[in-house]
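If you want the building blocks of each chain, they are given just below.
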Amino acid sequence: QVHLVESGGGLVQAGGSLRLSCAASGRTFSSGNMGWFRQAPGKEREFVAAISWSGGITYYADSVKGRFTISRDNAEKTVYLQMNSLKPEDTAVYYCATKASFLLGPRYSDYQTYDYWGQGTQVTVSS
């Protein structure tokens, strides 16, 4: 089973930056397609960004486009989410997830298509 652990969350003022990391481990791990999702209190889980296994294809939610950057280092089995110009509405628990497929596919933003999830890391942006 693939084990994912997020880190890097915390409290930051509006306009600040955070870099989230998601480290993968486990004997079943492969360089799968990865995604970041977030969930705020009382809200549905929301797609943030996704990246293909090679890192060559990325997708972003409109709400974060131009501010967030997803990247990966397959040698380190880690995916990153660089978050700049943070806004209070970015406050949420951020989760990384992976699906063991060769292609992201058209449902890259659908959390139900991902196979493994981390425990989440809290990001709080104050005004």
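Structural data are supplied above this passage.
Residues numbered from 1 in each chain as written. Predicted model: local features only at pLDDT ≥ 70, side-chain atom pairs only at ≥ 80, totals over all residues. Heavy atoms only, no water.

J.: Residues and numbers for the overall build of the protein, please.
T.: Summing up its helical and strand segments, the protein has 0 helices and 11 strands in all. Tracing the protein from N to C terminus, the helices and strands come up as β-β-β-β-β-β-β-β-β-β-β. The C-alpha atoms of the protein give a radius of gyration of 14 Å, which matches the 14 Å a tight globule of 127 residues would have. If you line up the protein on its principal axes, its C-alpha atoms span 40 × 25 × 25 Å. Taking all 127 residues of the protein together, the buried fraction comes to 42%. Within the protein, contacts between residues at least 6 apart in sequence are counted, and of these 59% link residues at least 24 apart. Carbon and sulfur atoms provide 49% of the accessible area of the protein, an area that totals close to 6700 Å². Computed over 12 positive and 10 negative side-chain charges, the inter-centroid distance for the protein is 2 Å. (Helix = DSSP H or I, 4+ residues; strand = E, 2+ residues; numbered from the N terminus. Rg over C-alpha atoms; globule rule 2.2 N^0.38 Å. Buried < 20%, exposed > 50% of the residue type's maximum accessible area, 1.4 Å probe, protein only. Contact = heavy atoms within 4.5 Å. Areas by Shrake-Rupley, 256 points an atom, 1.4 Å probe, with all protein chains shown as cover. Lys, Arg positive; Asp, Glu negative; His and termini not counted. Charge placed at Lys NZ, Arg CZ, Asp CG, Glu CD.)

J.: Provide a residue-level description of empty space enclosed by the protein, including the pertinent values.
T.: One pass over the full model with this rule turns up 1 cavity of 30 Å³ or more. Listing elements by their share of the lining of the largest cavity, those giving two or more residues are strand 3 (18-25), strand 7 (68-73) and strand 8 (78-83). Here the lining of the largest cavity is composed, by residue class, of 5 nonpolar, 2 polar and 3 charged. (1 Å grid on protein atoms, 1.4 Å probe; cavity = no way out; pocket = protein on both sides within 12 Å on 5 of 7 lines; lining within 4 Å. Points joined across faces, edges and corners; volume = space filled by probe spheres on them. Nonpolar A, V, L, I, M, F, W, Y, C, P; charged D, E, K, R; others polar.)

J.: Please give an account of the sheet that holds strand 7 that cites residues and values.
T.: A sheet is described by the order of its strands in space; here 4 strands give the open sequence 1-3-8-7, paired in antiparallel fashion. Strands with a single pairing partner mark the edges of an open sheet, and in this sheet they are strand 1 (3-7) and strand 7. Across the sheet, the mean angle from the axis of one strand to that of its neighbour is 15°, orientation sign disregarded. Where strand 1 meets strand 3, 5 bridges bridge the pair, whose relative direction is antiparallel. Bridge pairing links H3 to S25 in strand 3. (Pairing = 2+ DSSP bridges. Axes fitted to C-alpha atoms, helices over the stretch in contact; angles between N-to-C directions.)

The values are spatial; any link to function lies outside them.
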